[in-house]
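Each chain is listed here by its residues.
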Amino acid sequence: MSHKHPIIAITGSSGAGTTTIKDTFEKIFKREGVTAAFIEGDAFHRYDRIGMKEKVAEEEARGNDNFSHFSPEANELEILESVFEQYGRKGTGKTRHYVHDDKEAEIYGAPPGTFTEWADLEPSDLLFYEGLHGCVKTGAIDLPKHIDLKIGVVPVINLEWIQKIHRDKSLRGYSTEAVTDTILRRMPDYARYICPQFSETNINFQRVPTVDTSNPFVARWIPTPSESMLVIRFANPRGIDFPYLLSMLDGAFMSRANSIVCSGEKLDLAMQLIFTPLIHKLMDLKRRAS
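Here is a short report on the structure shown in this document. (Residues numbered from 1 in each chain as written. Predicted model: local features only at pLDDT ≥ 70, side-chain atom pairs only at ≥ 80, totals over all residues. Heavy atoms only, no water.)

What to know about the side chain of His 5
Move 1: Along the polypeptide, His 5 turns up in the segment before β1 (7-11).
Move 2: Not counting residues up to four positions away in its chain, the partners in contact with His 5 are Tyr 87, Gly 88, Arg 89, Lys 90, Gly 91, Asp 148 and Lys 286. (Helix = DSSP H or I, 4+ residues; strand = E, 2+ residues; numbered from the N terminus. Contact = heavy atoms within 4.5 Å.)

Structure representation (structure tokens):
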């Protein structure tokens, strides 16, 4: 962690909704005059789309049916940690983009399923990461120690699967069966490498549907925010103004000494209320350290 060059990381599984949280942060940064450098977890995959298919087939031939993007072996976590370390020390680093679809291909000038070239980060006030592995710890890798504000996005798992199935079918053209196969292949690494990260975070946002999601593989609609409750857990509640948050989030209540529950419709407002003062604090520490 670095007062002079702070880092914020949002971590969550595929389909968890981390991109929505990132959009809210972009609004906060713009309003508060904070310049952020953004890096995406997908940029640190080890293989492009064709290479990943070949690697999965190779692992399956060896009897490993569970090789996935959730695995550290499928990602350049050493490079990601070096970027965090360098940014915290000097405020510099490199990143690239993984091109998901034709729309992004037009933006980045590279075919879908490939990476752009590595490029230097633009000068910035802080670094913002969004992806699968922001708070991963393995034998050799310890990403949380570099991060000043760690945020988990954790829908209950059936909702997470519904969101992933609908996204991959509508935006990427996958069949339900193909997405289901991906979910099943990822389960061991989900338990080993995704879930433990949410014990490393400072704040977790968990959306809980209030409608039946018993069989996510046949769900026709994604539960809306109004059909959900939001559980917000603070790892360290000291200094959090809970009475103020409860007064601003209509209908909210505390389920534990470190947890607030509110309507899913209040996600954006809750994030604005919680993160704006935390960003102010990071910027104040940055000014003092400069």
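Having put the structure on the table, let's press on.
Overview of the packing of aromatic side chains
Move 1: One pass over the structure, following the stated rule, counts 14 aromatic pairs.
Move 2: Centroid distance Phe 25 to Phe 29: 5.8 Å. Interplanar angle 50 degrees. Geometry classified as tilted. Remark: Phe 29 and Phe 25 occur in helix α1 (residues 18-32); sequence separation between them is four residues, near one turn of the helix.
Move 3: For the pair Phe 234 and Phe 242, a centre-to-centre distance of 5.4 Å together with 90 degrees between the ring planes defines the contact as edge-to-face.
Move 4: Take Phe 234: its relative accessible area is 2%, and that puts it in the buried class. (Phe/Tyr/Trp six-rings, centres within 6.5 Å; stacked < 30°, edge-to-face > 60°. Buried < 20%, exposed > 50% of the residue type's maximum accessible area, 1.4 Å probe, protein only.)

Remarks on the nonpolar core
Move 1: In this structure, Ile 8, Phe 25, Phe 29, Phe 205, Ile 232 and Phe 275 are the most contacted members of the largest nonpolar core, which totals 34 residues.
Move 2: Counting residues per element, this core draws most heavily on helix α8 (residues 267-289), at nine residues.
Move 3: One finds Ala 9, Ala 43, Leu 80 and Ile 147 within the second-largest nonpolar core, a separate group that totals 18 residues. (Core = buried A, V, L, I, M, F, W, Y, C linked by side-chain atoms within 4.5 Å.)

Notes on the sheet that holds strand β10 (residues 259-263)
Move 1: With mixed pairing, eight strands are arranged side by side in an open sheet as β2-β5-β1-β6-β7-β8-β10-β9. Single-partner strands in this sheet number two, and they are β2 (36-40) and β9 (253-256). Neighbour to neighbour, the strand axes of the sheet diverge by 20 degrees on average, direction disregarded.
Move 2: As judged from the three bridges shared by β9 and β10, these two strands associate in the antiparallel manner. (Pairing = 2+ DSSP bridges. Axes fitted to C-alpha atoms, helices over the stretch in contact; angles between N-to-C directions.)

Things to note about helix α6 (residues 176-194)
Move 1: Between its first and last C-alpha atoms α6 spans 23 Å; for 19 residues at 1.5 Å apiece the expected length is 27 Å, and the helix comes up short by more than 12%.
Move 2: The sharpest bend along α6 comes to roughly 45 degrees, located at Met 187, with the proline Pro 188 sitting one to four residues further on.
Move 3: Buried within α6 are the following residues: Thr 176, Val 179, Thr 180, Thr 182, Ile 183, Arg 186, Asp 189, Tyr 190 and Ile 194. (Expected span 1.5 Å × (residues − 1). Bend = angle between axes of the 7 residues up to and from the residue.)

A few points about the packing of α1 against α8
Move 1: Packing of α1 against α8 leaves a shortest axis separation of 10 Å and a crossing angle of 50 degrees. Taken together, the axis directions place α1 and α8 in an arrangement best described as oblique. Crossing geometry of α1 relative to α8 is assigned as right-handed. Residues Thr 20, Ile 21, Thr 24, Phe 25, Lys 27, Ile 28, Phe 29, Arg 31 and Glu 32 of α1 form the contact with α8, whose own contacting residues are Leu 267, Asp 268, Met 271, Gln 272, Phe 275, Thr 276, Ile 279 and His 280.
Move 2: Here the contact of α1 with α8 is composed, by residue class, of eight nonpolar, five polar and four charged. (Parallel < 35°, antiparallel > 145°, perpendicular 65-115°, else oblique. Left-handed = near helix turned anticlockwise from the far one by under 90°. Nonpolar A, V, L, I, M, F, W, Y, C, P; charged D, E, K, R; others polar.)

Some words on the pattern of salt bridges
Move 1: All chains considered together, the criterion is met by twelve salt bridges.
Move 2: Its salt-bridge partner being Arg 31, residue Glu 32 comes within 2.8 Å of it at the nearest N-O pair.
Move 3: On the basis of relative accessible area, Glu 32 is assigned to the partly exposed category, the value being 28%.
Move 4: The salt bridge partner of Glu 59 is Arg 62, with a shortest N-O separation of 3.5 Å.
Move 5: With relative accessibility at 10%, the residue Glu 59 sits in the buried group.
Move 6: One salt-bridge network, held together by shared partners, links Lys 55, Glu 58, Glu 59 and Arg 62. (Salt bridge = Lys/Arg side-chain N within 4 Å of Asp/Glu carboxyl O.)

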